[in-house]
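Here are the chains, one letter per residue:
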Amino acid sequence: MRVLRYLARRTMATDDSTCKLESFVTYNKKIIGAGLNYMDIIKSRNLPIPEEPILFLKPSTSLIQEGQNIIIPKVFSKVAHEVELACVIGKRCRNVSKGSAMQFVGGYCLALDMTAQCSLQVARSKGMPWSLGKGFDTSTPVSRLFTPDEVRDPHKLELWLKVNGNVRQTGNTADMIFKIPDIIEYASKHMTLEPYDIILTGTPGGADPVAPGDIILCGMGDLVEMKFEVKAE
C-alpha cells in the first residue's frame with residue numbers, strides 16, 4: 001500500500017496531464033530567482049544594466065505559507081525582505097522561445113525572497129555563489145496560486161510591502177528589466193523547467209532588514225495580501 005501511495009504521488013508530481021498546480025508548494029523541486037531585475041535598483045546603485053537575466057537557485061525547503069513564521073537563522077545578522085511576483089511553471093519545457101514561453105506558465109503567486117544581506121555582501125565581493133544568503137529555511141514565503149485567467153497582465157501589477165504598518169517597498173512589475181518570457185527563455189536554455197517550478201521575477205527598491213518581532217504585510221495588486229511574523233532561531 002505504501003508503494004502504491006508513493007507511486008501515485010510521483011505520478012501527480014511529474015505528469016503534465018495530471019498535475020494539480022494549486023499544490024505547487026508541496027511538489028516544488030526548484031525555485032529560480034532573478035536578481036537585479038528592476039530599473040530603480042540599477043539606478044540607485046549606479047550599476048550597468050544587465051545584458052542577460054541574473055539567475056540563482058533556492059531549495060524547496062525554503063518555502064512557507066501563511067500561518068508559518070519567517071525564522072532568522074543564528075548565523076545571519078542582517079536579513080531583508082524582498083516582495084516579488086512569482087510565476088509557476090505548468091508544463092515541462094526546455095529551450096523554449098520568448099514567443100512561446102507564456103504557454104508554459106501555469107499560474108502566479110505573491111512571494112517574498114528573504115535575503116541575508118550580510119552573506120550576500122561577502123559573496124558578491126568574492127565572486128561566490130548566493131546560495132547561503134538566499135536559500136535558508138523559511139526564506140521563500142508564498143501566497144496561494146492564481147491562474148493566468150485571474151492575472152490579466154503579469155507585467156502591470158502593483159507590489160507593496162509594509163513592516164509594522166510602515167511602507168517599505170512599492171513598485172510595479174512594468175518596471176522589470178527582463179519580463180517573464182525573457183526569464184523563461186533564458187532559464188530553459190540552461191535547464192529543464194518542470195511543473196511546480198517557481199520563478200521569482202525580482203524585487204523593486206526598498207529592501208531593508210527586519211528584526212525578530214516584526215510583522216511583514218505585503219500585497220500584489222488587488223489580488224492578494226499576506227502577513228508573516230519574523231522570529232529568531
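Residues numbered from 1 in each chain as written. Predicted model: local features only at pLDDT ≥ 70, side-chain atom pairs only at ≥ 80, totals over all residues. Heavy atoms only, no water.

The protein chain goes by oxaloacetate tautomerase in an unreviewed UniProt entry, where it is assigned to Glossina austeni. Quoted verbatim from the Catalytic activity (unreviewed entry) heading of the UniProt record, the comment on the protein chain is "oxaloacetate = enol-oxaloacetate". Within the UniProt record for the protein chain, the comment given under Sequence similarities (unreviewed entry) is "Belongs to the FAH family." (UniProt positions renumbered as here; feature names shortened; annotations may be inferred.)

K.L.:
How should the pattern of salt bridges be read in this particular structure?
P.N.:
Two side chains with opposite charge may pair up if their charged atoms get near one another. Taken as a whole and judged by the stated rule, the model has 9 salt bridges. The closest approach of N and O atoms between K30 and E194, which form a salt bridge, is 3.9 Å. In this pair, K30 is assigned in the loop between α2 (24–27) and β1 (31–35) and E194 in the loop between α6 (180–190) and β12 (198–200), connecting sequence segments 164 residues apart. You'll find K30 and E194 in the same group, each marked buried. A salt bridge links E150 to R144, with the nearest nitrogen and oxygen atoms 3.2 Å apart. R144 gets classed as partly exposed once you look at its relative accessible area, which sits at 46%. A single salt-bridge network, built from bridges that share partners, covers K29, K30, R92, E194 and D197. (Salt bridge = Lys/Arg side-chain N within 4 Å of Asp/Glu carboxyl O. Helix = DSSP H or I, 4+ residues; strand = E, 2+ residues; numbered from the N terminus. Buried < 20%, exposed > 50% of the residue type's maximum accessible area, 1.4 Å probe, protein only.)

K.L.:
I keep staring at the pairing of strand β6 (residues 83–89) and nothing clicks. Help me out?
P.N.:
Two faces belong to every sheet, and in a regular strand the side chains alternate between them. When you tally the buried positions in β6, you get 7 out of 7 residues, the bulk of the element. Residues V83, L85, C87 and I89 line one face of β6 and the alternating positions E84, A86 and V88 line the opposite face, and both faces are buried. Alignment of β6 against strand β7 (residues 105–112), held across 7 bridges, turns out to be antiparallel. Bridged to V88 within β7 is G107. Bridge analysis of β6 against β12 gives 3 bridges, and the strand direction is antiparallel. Across the sheet, residue V88 finds its bridge partner in β12, namely I198. (Pairing = 2+ DSSP bridges.)

K.L.:
Even after reading the chapter, I still don't get the environment of S44, so can you show me in this structure?
P.N.:
Along the chain, S44 falls in helix α3 (residues 39–44). For S44, a relative accessible area of 59% puts it in the exposed group. It is 8.3 Å that separates the C-alpha atoms of S44 and G205, two residues lying 161 residues apart in sequence. For S44, the side chain forms a polar contact with the main-chain oxygen of I41, separated by 3.0 Å. (Polar contact = N/O pair within 3.5 Å; in protein donor to acceptor, adjacent residues only side chain to side chain.)

K.L.:
Is there a simple way to explain helix α4 (residues 117–126) in this structure?
P.N.:
One full turn of an α-helix is made of 3.6 residues, so residues set three or four places apart face in the same direction. The complete set of buried residues in α4 reads Q117, C118, S119, L120 and A123. Looking at the buried residues of α4, the elements they touch are β5 (79–80), β8 (115–116), α5 (131–134) and β13 (209–210). Positive backbone phi, approximately 65°, marks G127, located one or two places after α4. (Contact = heavy atoms within 4.5 Å.)

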